[in-house]
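Residue-level structure breakdown
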Amino acid sequence: MTRWLTRRLLLAVPVVLGVITISFVLMRLSPGDPARAALGDKANQAAVDSLRHQWGLDQSLWSQYVSYLGGAVRGDLGRSLYFRSPISALLEQRLPVTLALMLLGALFAVAIAVPLATAAASRRGGVADHVTRALNAVLQGAPTFLVGGLLLLFLGVKVAIFPAGGYPASLGGRAVALVLPALTIALSIVPLLVRGLRAAMAESLTSEYVAFARSKGLGERVVRRRYVLRNAGVSGVSILGIQVGALASGALVVEQVFAIPGMGSMLMSGILNRDYLVVQGCTLVFGLLVVVVYLLTDLAYARLDPRARLA
Amino acid sequence: MVTDGRPGTDAAAILEVEGLTLTLGRGAGAPRILDDVSFTVRAGEARGFVGESGSGKSMTLRAVMGILPPTVHVESGRILFRGEEIVARAPDGSPSTVSARLQQLRGTGISMIFQEPSVALNPVTTVGEQIVDAVRRRDGMSRRTARRRALELMDLVGIRNPGERLGSYPFELSGGMRQRVMIAAAVAGNPQLILCDEPTTALDVTVQAQILALFRHVRDELDAALLYVTHDLGVVAELCDSLTVLYSGKVMESRQDLRAAIDQPFHPYTRALLQSTPDIDHLEQRLRTIPGSAPTPQNRPAGCPFADRCDRVQDDCRQGPVPDVGVGSEVVVHCLHPFGRGSAANGVIDPSPAEVLR
Amino acid sequence: MSESTALTPTVRTRLTLPSGVARSNTALVVGLLILGIIVALAIAAPALSRWDPIEPDPLHALLPPSGTHLFGTDNLGRDIFSRVLHGARSDLTLASVAVLAPFAIGLAVGITCGYAGGWFDVIVMRVADIVTAFPFFILVISLVFVLGGGVWTIFIAITAVSWVAYARIVRAETMVVRNTEFVSACQVGGITTPRILLRHIAPNVLTQAVVYAMSDIVMNVGVIVTLSYFGLGIVPPTPDWGAMMADGQQFLAAGYYGLTLFPAAAVVLTSLALSLVGEGLAHVLRIER
């Protein structure tokens, strides 16, 4: 197991390096001058030059890269123009918020998807199956901001069960404030989760090992729990893990819609205010986040399905 | 009469299948997978259940166990275990409701061994867990006792180093080992009847011999009855006491005495099967094949299903109806022109020395 | 199964659509129907809109749906119906066109990786891993930000990120087909590599990619609409569903739903139709296998 783990970690290193490199390259793709774009047309040349120097844009590309790499390793991602503070400090505040949002979203998604998939898989072509399919089709096409907006309108404004956006200081208040946004991103990944789980469960239910388990005299509920759910859950874990990207993208959107001060809204502020360092830093952290989650998912999968350790 | 310790017709019937008809789907024209199948298995008896692929033999076992696929329905007939009805046609024809009694019997009264141990064992749990599962059917037993019992069982089926093997996963074991695990799980509850669905077909020949020996051993230890499904008559000859031959969903021949059946089969199909089985003592003999293939449930002809491939076919065979003739309950033959003196008309078969095969 | 079937190819060598498909596939039929209507409306938009979608008409602002204005008018007095139709033109065109380049790139790259393997495969798959390490929308939005807004940037951004999925699908399928006896038979028969690739492998791997393309267009529509919602996408005053929804938001509380409702319904309906078509196609093409 440890050998597998070390191998997997080593494989992740070039990907991490690649992520850092891409976020570096990304910001240099700009056709114009980023400093000029950040300060606006009206700014004088001296201010622009000073900013260029501050951002290291007057150095060679290679030395820029090296200092960026060094900074990334140290945790120094520069200073935000718009927020007037070091980006790492901002991230320290905002990353946990986004993480909490994504985690809650994942939880909601599982809570919704598992019963739906179970009902759909139990009886092929039954009512549950058709309803689930219809729901999936509609949800997949609905943009996140639309779903978020609707939830906000109906459950936050019209019938004020939940706050209409915002992120209070109290822990309880924060938990409540995250419900609607988390639900929104949950709904965006439910279709894929349901489809994957239902397929896995249907396959499990008709498998020989379930037939054997039944013939051993195990009750239906036990069979479902220990054989069907367990086996489907294994592939469910890996499906969920792959959704981290969708969860992150969703977080970006809902943080805007619900005014949640997370990493997503930080990125959006960076974009809307042409703050290149913020955009660069957030993109980098999002990328690294995904790599870490993929690694954890592979780990979980290998623990659950022993055959994976052979790969 | 009991000659070598094997039960005769006096022993109690463990399993009675009466007129079982299984259909694919429901409705009037639904194709029949099994057509009016009847046979009995007595306590301690090992009955070979032989047929080609598609004959319906696996379905029969699944019907007994109540694990038919959702598309297969019990059209008519019933199955009794020790005189109690466990399977019968459901009021709405659906097979999915397993009677409570059958549910109780699974594992303790009746158990089943499947053909492909690699797919019949759960790939993500250890073999130890799967045997303990079978042992601890009712959660009354403590884990430690269950574990000890599992080790005993593994010993019984000849698994070396059972302590280490408990933590192994199915994919880490060889085919023969996996089959032993399955057998261990199947006999955990001391069943009186073990259903075997071609358990050695997926194994290579040397391992096959070992597993067959294991079956003999297990059956002697537990004094259990076996219903052994296979297409291989050689295996049946080694292990079983009695024989039922299935063809295209119908019982062609059913014999209480296997040796007599092999020496003198009465049904043309049985005879042809025996002639196409290689005999290691007579390797120079030409193998006769049976040309053609068995009809599918969808296009089964009227009359005898074997008519098109039978050497002895005559006009009335294709028209039907074809009777079941026999000698008491020891012999049942579904044929208009069986071997043996006397014709189907008087409903009796007279074993004729002239038609002995060997 | 007789021995002869081992040599008979179990894969198709030509893309053929079986007849009588429509009868047994409701998803495909319904999807194509809805999609057909939407596309027809989009194409005919200029002819169908009595009112100019861009020209403001403040005197007739915020009118409810009626005979003259099917969907009512927005805050600037523009007819919502014609704006929705014109929005379909811009959004659908961009979403569909943005699928072509990733499809082509992914196909070419995927087949090469799957068939040739080697260092090319290793490098490309590493690059693919790195690209997919970024959440799709986040990478797209960052690219759009850096390159400046507008239709072309969106196209480039989507292409730069989407090709990976196609490459992976095609590569996997190619590897499956490559290992079949059928291809070995071709190689033994002396057929040249490019010919094998083109005539025999491509038709088989194509089907999966086409099915995926359907769901990709749905995703593209979502991305484009979301970008426009945040003001980063299609530049106004060109009508666009996302921008319309953003503009109409502020009027929801006051009870004017039409501004947001109709473009929203258009997005959902279009995506639904595309998903149905994709599902139906998957069903059809899988049967052929």
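Here is what the cut-offs are and how they apply
- Residues numbered from 1 in each chain as written.
- Chains lettered and ligands numbered in written order.
- Predicted model: local features only at pLDDT ≥ 70, side-chain atom pairs only at ≥ 80, totals over all residues.
- Heavy atoms only, no water.
- pLDDT = per-residue confidence, 0-100.
- Contact = heavy atoms within 4.5 Å.
- Pairing = 2+ DSSP bridges.
- Helix = DSSP H or I, 4+ residues; strand = E, 2+ residues; numbered from the N terminus.
- Disulfide = S-S within 2.5 Å.
- Patch = residues over 30% accessible without salt bridge, like charges linked within 9 Å, V, L, I, M, F, W, Y side chains within 5 Å.
- Areas by Shrake-Rupley, 256 points an atom, 1.4 Å probe, with all protein chains shown as cover.
- Salt bridge = Lys/Arg side-chain N within 4 Å of Asp/Glu carboxyl O.
- Buried area = accessible area lost by both parts, 1.4 Å probe.
- Nonpolar A, V, L, I, M, F, W, Y, C, P; charged D, E, K, R; others polar.
- Polar contact = N/O pair within 3.5 Å; in protein donor to acceptor, adjacent residues only side chain to side chain.
- Axes fitted to C-alpha atoms, helices over the stretch in contact; angles between N-to-C directions.
- Buried < 20%, exposed > 50% of the residue type's maximum accessible area, 1.4 Å probe, protein only.

What follows is about the confidence of the model for chain C. Residue and element names in this part refer to chain C. Chain-level pLDDT for chain C is 79 on average; 82% of the residues reach the 70-or-more range. With pLDDT under 50 throughout, residues 1-24 is counted as low confidence; its partners more than four residues away or in other chains account for 27 contacts. For this predicted complex, the interface score ipTM comes out at 0.88, while the overall pTM is 0.80.

This part is about the pairing of strand β4 (residues 72-81) of chain B. Residue and element names in this part refer to chain B. Relative to β4, strand β1 (residues 13-24) is paired through 8 bridges, and the arrangement is antiparallel. From the neighbouring strand, L22 faces β4, where its bridge partner is V74. Sheet analysis places β4 next to strand β5 (residues 84-88), joined by 4 bridges and oriented antiparallel. Note on β5: the bridge partner recorded for R78 is A88.

To continue, consider the state of the cysteines. Residues and elements named next belong to chain B. All told, the structure shown has 0 disulfides over all chains when counted by the stated rule. C196 takes part in no disulfide bond, and the closest cysteine sulfur to it belongs to C240, at a distance of 8.4 Å. Unpaired in terms of disulfides, C317 finds its nearest cysteine sulfur in C335, a separation of 6.2 Å.

Residues and elements named next belong to chain A. A cluster of nonpolar side chains, M1, L5, L9, V292, L296 and L299, forms an exposed patch at the surface whose accessible area comes to about 490 Å². Taken together, the elements giving at least two residues each to the nonpolar patch come down to α1 (2-27) and α13 (276-304). For the nonpolar patch, the element with the highest residue contribution is α13, accounting for 3 residues. Looking at the secondary structure, you find L296 in helix α13.

Attention shifts here to the interface of chain A and chain C. Opposite the 45 residues of chain A that make contact, chain C presents 33 residues. For the pair chain A and chain C, the summed buried surface comes to about 3300 Å²; carbon and sulfur atoms form 81% of the total. When the area that chain A buries against chain C is broken down by residue, the three leading residues are L26, F145 and I271 of chain A, summing to 17%. Elements supplying a minimum of two residues to the side of chain A that touches chain C: α1, α6 (127-141), α7 (144-158), α11 (244-257), α12 (263-272) and α13 of chain A. By residue number, the principal contributor to the side of chain A that touches chain C is α1 of chain A, which donates 9 residues. Taken together, the residues of the side of chain A that touches chain C break down into 30 nonpolar, 11 polar and 4 charged.

Here we come to the interface of chain B and chain A. Facing the 26 residues of chain B at the interface are 19 residues of chain A. The contact between chain B and chain A buries some 2100 Å² in all, and 58% of this surface belongs to carbon and sulfur atoms. Area buried by chain B at its contact with chain A is led by V124, D133 and F171 of chain B, which between them contribute 28% of it. The interface formed by chain B and chain A includes 8 residue pairs in polar contact (both at pLDDT 80 or more). Breaking the side of chain B that touches chain A down by element, the ones donating at least two residues are α1 (57-65), β6 (110-113), α3 (117-120), α4 (127-135) and α7 (175-187) of chain B. At 4 residues, the largest contribution of residues to the side of chain B that touches chain A is made by α4 of chain B.

Within a beta sheet, neighbouring strands are joined by backbone hydrogen bonds and run either parallel or antiparallel to one another. Residue and element names in this part refer to chain B. Spatially, β6-β7-β8-β3-β9-β10-β12-β11 is the arrangement adopted by the 8 strands of the open sheet, whose pairing is mixed. Only two strands of the sheet have a single neighbouring strand rather than two, namely β6 and β11 (324-327). With strand direction ignored, the average angle separating the axes of adjacent strands in the sheet is 20°. Here strand β9 (residues 242-247) pairs with strand β10 (residues 250-255) via 5 bridges, running antiparallel. The residue bridging V245 from the neighbouring strand is E253, located in β10. Set on the sheet, α1 makes contact with β3 (46-50), β6, β7 (193-197), β8 (225-230) and β9; between it and β7 the angle comes to about 145°. Here α7 sits on the sheet in contact with β6 and β7, set at roughly 175° to β6.

If you walk through the whole model with that rule in mind, you get 27 salt bridges over all chains. A salt bridge links R309 of chain B to E52 of chain B; the shortest N-O distance between them is 3.1 Å. Placement of the pair is R309 of chain B in the loop between α11 (268-275) and α12 (315-319) and E52 of chain B in the loop between β3 and α1, with a sequence separation of 257 residues. R216 of chain B is the partner of E238 of chain B in a salt bridge, and the nearest nitrogen-oxygen pair spans 3.5 Å. A residue pair is termed long-range when its members are at least 10 positions apart, and E238 of chain B in helix α9 (residues 233-239) and R216 of chain B in helix α8 (residues 205-222) qualify at 22 residues. The class for R216 of chain B is partly exposed, based on a relative accessible area of 30%. Linked by salt bridges that have partners in common, D129, R133 and R198 of chain A make up one network.

As a further point, take the confidence of the model for chain B. Across chain B, pLDDT averages 82, with 87% of residues at or above 70. Predicted confidence is poor over residues 1-6 of chain B, with pLDDT under 50, and the contacts of this stretch with residues over four places away or in other chains come to 9 contacts.

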